[in-house]
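Tertiary structure, described
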Amino acid sequence: MQSRFVISLSLLLSAWLPGAAALAAEQGWKPEGKIEYIVPSGPGAALDMAARRLGHILEIRKLAPAVVVTNKPGGSNAIALNVLQQNAGNPHYLTTLGSTLLTGRANGTLDVTYSDFTPIAVLLDEFVTVAVRADSPIKTGRDLIEALRRDPQSLSIGVASSLGNHIHIGIARPLKLGGVDIGRLTVVPFKSSAESLNALLGGHLDVVSSSTPNVVAHIKSGRIRVLAVDAPQRLEGTLAVAPTWKEQGIDVVGLSSQGVLAPKGITPRQRDYWVEALREATRTPEWQEFLQTNQLREHFLPPDQAVAYLDRQYAEIRAVLKDLRLVGD
C-alpha cells in the first residue's frame, strides 16, 4: 500500500513539474549535445546502477539530449575526478558524488574534495548491511559484538573495495559503539561486494559488510542472514527481515550518500539548471521505483544544504578512521 501511494504521489507531482523547455527558460541555459556521466566504479556496481537509471530518466524526461555513462573506477574516485578537472567550466560533464570521495580525502588517498568542484545535489542515502552465512552460529548484531569484544581478531570481515571506505566504516561504527577495539579487527578488502559475498558463501570469510542492493538476491535464496542494517528504521521488501542496529541497542545510522558533482567553473545558471533537472528527475515514478527496489532513501539536498550535510559526514568519517588507525591526528 505504501509503495503504491509513493508511486501515485510521484505521478501526481510529475504532472505539475516543468519540462526541459520551462527549465531552460527559467535558468537561462540548457545542455546541448551529449552529457558524459562519469561513474567512479565498474559496470553493475551500486553507483553504476544509480547513474544509468538517472541518465535514462534525464533522457526520457527531455532534461538532457543524451546521457553517456562512462565507468572510470579506481584511485578512490581520482580517475573519475580527473575527467572533471580536465573539463573545468564544461557543464556537459557530471560525476557521482559518493562517500568514497569523503573517505578518500579523509584517509589521504585523494588530494581533492567536493569543494574543489561544483556540488549539484545530494540525491539519496544508502545503507550498509552486515551479514553472515545462514548456518553461522552468530544470530544477531549483538552476538557479533560480543564475539568481537572477547577477541577482535577472531572473525574475518570482508569489505569492498578498500579499507577505510564507507563499507568498512559501515561495520566499524556500530562495533565501536558496542565496545569493540575496531583497530584490531581482521578486515579483508575485495574488489567488489559480489566477490566478498561469494567468499562468505564459500566459507572463506565469517562476516561481510556491504550495501543493500548487493544482498537482496542472497536473502531471497536463503543463503545469508543479515544481522543488522544501519538504516534509521526497518527497510521494506526483502530487507524487512533485517533488524536495524538501533533495534539492537546500538544508536547508529549510516553515513553513506550519493549525489552529483560538476566541474569547477560552470556558471550559476548552468549549476541551477542541473539542480532543478535533478530535482525533477528524482520526483518521477521511475526514480521512486529504483529507490524502492534497492532499499535506498530519497534525500534530495540542493548545493548549500548538500555541502553542509557532506561536511558533517566528513567529520564523523575522519573520527572513525582515527579509531581504525588508518589516519593520524
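Just above sits the structure.
This structure is a prediction, so every number in the text was calculated from the model and none was measured.

1. Describing helix H6 (residues 141-150)
Buried within H6 we find Gly 141, Leu 144, Ile 145, Ala 147 and Leu 148. Buried residues of H6, seen end-on, are gathered within an arc of 165° and therefore sit on one face of the element. On its buried face, H6 sits against strand E5 (128-133), strand E6 (156-160), helix H7 (166-177), strand E8 (207-211) and strand E9 (224-229). The N-cap of H6, judged by a side-chain oxygen 3.3 Å from the amide nitrogen of Arg 142 a few residues on, is Thr 140.

2. Side note on the packing of aromatic side chains
One pass over the structure, following the stated rule, counts four aromatic pairs. Look at Trp 29 and Tyr 273: their rings are 5.5 Å apart centre to centre, the planes differ by 85°, and that puts the pair in the edge-to-face class. In this pair, Trp 29 is assigned in the loop between helix H2 (20-27) and strand E1 (34-39) and Tyr 273 in helix H10 (residues 268-281), connecting sequence segments 244 residues apart. Its relative accessible area of 1% is what places Tyr 273 among the buried residues. Relative to Trp 274, the ring of Tyr 273 has its centre 5.6 Å away and its plane inclined at 80°; by these criteria the two rings are edge-to-face.

3. Section: the sheet that holds strand E10 (residues 256-262)
One key point about sheets: their strands pair by backbone hydrogen bonds, in either a parallel or an antiparallel sense. Strand order in this open sheet of six strands is E2-E1-E3-E10-E4-E11, and the pairing throughout is mixed. Where the open sheet ends on each side, the last strands, each with one partner, are strand E2 (66-71) and strand E11 (297-301). Pairs of neighbouring strands in the sheet enclose a mean axial angle of 25°, with direction left out of account. The sheet contact formed by E1 and E2 spans six bridges and is parallel. Residue Ile 38 lies in a different strand from E2, and its bridge partner there is Thr 70.

4. Regarding the nonpolar core
Formed by 52 residues in total, the largest nonpolar core has its most connected members in Leu 144, Leu 148, Leu 175, Ile 182, Leu 185, Val 207 and Leu 261. No other element matches helix H12 (residues 303-323), which puts six residues into this core. Formed by 33 residues, the second largest nonpolar core is a distinct cluster that contains Val 39, Val 67, Ile 120 and Ala 262.

5. Section: the pattern of salt bridges
All chains considered together, the criterion is met by 12 salt bridges. Close ionic contact of Arg 149 with Glu 146 constitutes a salt bridge, the shortest N to O distance being 3.4 Å. With Arg 149 and Glu 146 both in helix H6, this residue pair falls three residues apart, about one helical turn. Among the salt bridges present, the one from Arg 271 reaches Asp 272, with a minimum N-O distance of 3.0 Å. In this structure Arg 271 comes out as partly exposed when scored by relative accessible area, which is 28%. Note on Asp 272: relative accessible area 26%, which makes it partly exposed.

6. Some details on the sheet that holds E9
Here we have five strands laid out as an open sheet, ordered E7-E6-E8-E5-E9, and mixed in their pairing. The outermost strands of the open sheet, each flanked by one partner alone, are strand E7 (186-190) and E9. Neighbouring strand axes in the sheet, compared pairwise and without regard to direction, differ in orientation by 30° on average. Examined bridge by bridge, E5 and E9 share five bridges and lie antiparallel to one another. In the strand pairing of E9, Val 132 is matched with Arg 225. Contacts from H7 reach E5, E6, E7 and E8 within the one sheet, and its direction differs from that of E8 by about 120°. Its contacts with the sheet put helix H8 (residues 193-201) on E5, E6, E7, E8 and E9, and the angle it makes with E8 is roughly 155°.

Parameters at a glance
- Once a new chain begins, its residue numbering starts again from 1 and follows that chain's sequence as written.
- In keeping with the model being predicted, local features are shown solely for residues with a pLDDT of at least 70 and side-chain atom pairs are shown and tallied solely at 80 or more, while totals for entire chains, interfaces and linings include all residues.
- Each side-chain value is derived from all of the structure's non-hydrogen atoms; neither hydrogens nor water enter the calculation.
- Between buried and exposed lies partly exposed: a residue is buried under 20% and exposed over 50% of the maximum accessible area for its type, with that area taken using a 1.4 Å probe on protein chains only.
- The helix count covers DSSP runs of H or I at least four residues long, the strand count covers runs of E at least two residues long, and both are numbered beginning at the N terminus.
- The reported arc concerns the directions from the helix axis to the C-beta atoms and nothing else.
- Residue contacts are defined here by distance: any two heavy atoms, one from each residue, within 4.5 Å place the two residues in contact.
- The term polar contact refers here to a pair of N or O atoms within 3.5 Å; inside protein, the definition further demands a hydrogen-donor-capable atom paired with an acceptor-capable atom, and it admits residues adjacent in sequence only when both atoms are side-chain atoms.
- Two rings from Phe, Tyr or Trp (for Trp, the six-membered ring) form a pair when their centres are within 6.5 Å of each other. A pair whose planes differ by under 30 degrees is stacked, one over 60 is edge-to-face, and the rest are tilted.
- We call two strands paired when DSSP finds no fewer than two bridges between them.
- Convention adopted: a line fitted to C-alpha atoms gives each axis, helices being fitted over their contacting stretch, and angles between N-to-C directions are expressed from 0 to 180 degrees.
- The term nonpolar core refers to a set of buried residues drawn from Ala, Val, Leu, Ile, Met, Phe, Trp, Tyr and Cys, joined through side-chain atoms within 4.5 Å.
- The working definition used for a salt bridge is a side-chain nitrogen of Lys or Arg within 4 Å of a carboxyl oxygen of Asp or Glu.

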